[in-house]
Amino acid sequence: MTPLEGPSSRTQVTRKDVARYAGVSTAVVSYVVNDGPKKVAPATEAKVREAIRLLGYRPNAAARALKLGSSKTIGLIIPDNSNPFFSLLAHAVEDAAAALGYALFMTNSDGNLAKEKRNLRSLAARQVDGVILSSVLLYPDLAELESADIPAVLLNHATDAAGFNSVGVDLAGGARIAVEHLISHGHTNIALAMGTNTGNDFDGRELGWRQALTDAGLAEGPIIRSYFTRDGGYEAGKKFLRTVNRPTAIFASSDMQAIGILRALSEGGVSVPEDVALIGFDGSAEAEYSIPSLTTVEQPTRAMAEVAVRALVGASSDTEPEQRIFPTRLLIRRSCGCSVSNGGDSTAVHSLSPLS
């Protein structure tokens, strides 16, 4: 059969078509497509791959998954992919999964527990090989995955999760280094803009803020709790402006909150960093392009994603789950009051030592 005599462009090309064109059995085509389990002579493999190319054959991924017991897909649940930090994290997970031959299903929970659970059920029904979850809870309910025997890794998760691999950063350490930097500028009234989550779980960033102030012998500044969003930061910023003993420095638990705070302070006639110094948390690209550029605690998203995907793909019932905590680093720009790189807008780095 010549290419002109092949199946119609409107007809699905099958494995039988490829076998007939290459002059081999369907089993040989299967061995070539699936890289085994039996070896195929190089010349025969070349004929099969040429037939696949000419006929435009595309293996049925669903059928292949049933045959191999693997869909070669990973599910990812994040709170909000419109947040630049989670967008960056999701992209890093997709790259890490693709490097190992896996496709990615991404869903948003919108910071909503009920939606997170629906997404877990949906991914389990799709028979994904595993799920990477950035949960709204400190201790999420993963019963849906456990009952389907689907492994999970908790990403952006700073505490130990019994029975599951988890990957996160030292939130308390990152907050502490940020607040210590503000103290080094002479600030003694340092506020905290703390994000809220569905579970109302205690956050390490608040602990680090408290530890830095206590170690320096300083009283705690005001705390405003709001959503991990620009709007949340904007509302927090307006509340800080109404504070009787207004702080001279603010540590925000996310870059998005810090961006919102910048707007609120600007509208209130307060200059950053001249009147109020500000540091965010996450290391998103948006922080570099704010005015003034935002000093922020950077999370190593690419390293976190790679470790999470490897832990998921390599998971087995015989492997003890592990917790991996990464150090953060402080990216020093203008909003904290520093003058960096001869008055330019480039970034200086202050690293936090890895945990022992």
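Residues numbered from 1 in each chain as written. Predicted model: local features only at pLDDT ≥ 70, side-chain atom pairs only at ≥ 80, totals over all residues. Heavy atoms only, no water.

A. Fine view of the nonpolar core. In this structure, Ile132, Leu155, Val167 and Phe251 are the most contacted members of the largest nonpolar core, which totals 45 residues. At eight residues, helix H5 (residues 84–99) tops the list of elements feeding residues into this core. Discounting chain neighbours no more than four positions away, the residues touching Leu155 are Leu89, Val93, Ile132, Leu133, Ser134, Val167, Met304 and Ala308. Counting residues in hydrophobic clusters, the runner-up holds 19 residues, among them Ala191, Phe240, Ala252 and Leu262. (Core = buried A, V, L, I, M, F, W, Y, C linked by side-chain atoms within 4.5 Å. Buried < 20%, exposed > 50% of the residue type's maximum accessible area, 1.4 Å probe, protein only. Helix = DSSP H or I, 4+ residues; strand = E, 2+ residues; numbered from the N terminus. Contact = heavy atoms within 4.5 Å.)

B. Focus on the packing of helix H1 (residues 15–22) against helix H2 (residues 26–33). In contact at an axis separation of 8 Å, H1 and H2 are set at 105 degrees when each is read in the N-to-C sense. Taken as axis vectors, H1 and H2 run roughly perpendicular relative to one another. For the pair H1 and H2, contact is made by Arg15, Lys16, Val18 and Ala19 and by Thr26, Val29 and Ser30, respectively. Grouping the constituent residues of the contact of H1 with H2 by class yields three nonpolar, two polar and two charged. (Axes fitted to C-alpha atoms, helices over the stretch in contact; angles between N-to-C directions. Parallel < 35°, antiparallel > 145°, perpendicular 65-115°, else oblique. Nonpolar A, V, L, I, M, F, W, Y, C, P; charged D, E, K, R; others polar.)

C. Representation of the packing of H2 against helix H3 (residues 42–55) in the model. Put simply, H2 and H3 touch, their axes get as near as 10 Å, and they point 85 degrees apart. In terms of their interaxial angle, H2 and H3 are classed as roughly perpendicular. Across the interface between the two elements, Val28, Val29, Val32 and Val33 from H2 touch Thr44, Glu45, Val48, Arg49 and Ile52 from H3. The residue inventory of the contact of H2 with H3, partitioned by class, reads six nonpolar, one polar and two charged.

D. Structural view of the environment of Val24. Along the polypeptide, Val24 turns up in the loop between H1 and H2. With 23 residues separating them in the primary sequence, Val24 and Lys47 have C-alpha atoms 9.0 Å apart. When residues no more than four places from it in sequence are discounted, the contact partners of Val24 are Ala19, Val29, Thr44 and Val48.

E. View of unusual backbone geometry. The residue after Val272, namely Pro273, is reached through a cis peptide bond having omega 5 degrees. By the element assignment, Pro273 lies in the loop between helix H11 (255–267) and strand E9 (277–282). Note the cis peptide between Ile291 and Pro292, where omega equals -5 degrees. Here Pro292 is to be found in the loop between helix H12 (285–288) and strand E10 (295–298). Of note, Asp282 is a non-glycine position whose phi angle comes to about 145 degrees, a positive value. Turning to its location among the elements, Asp282 is positioned in strand E9.

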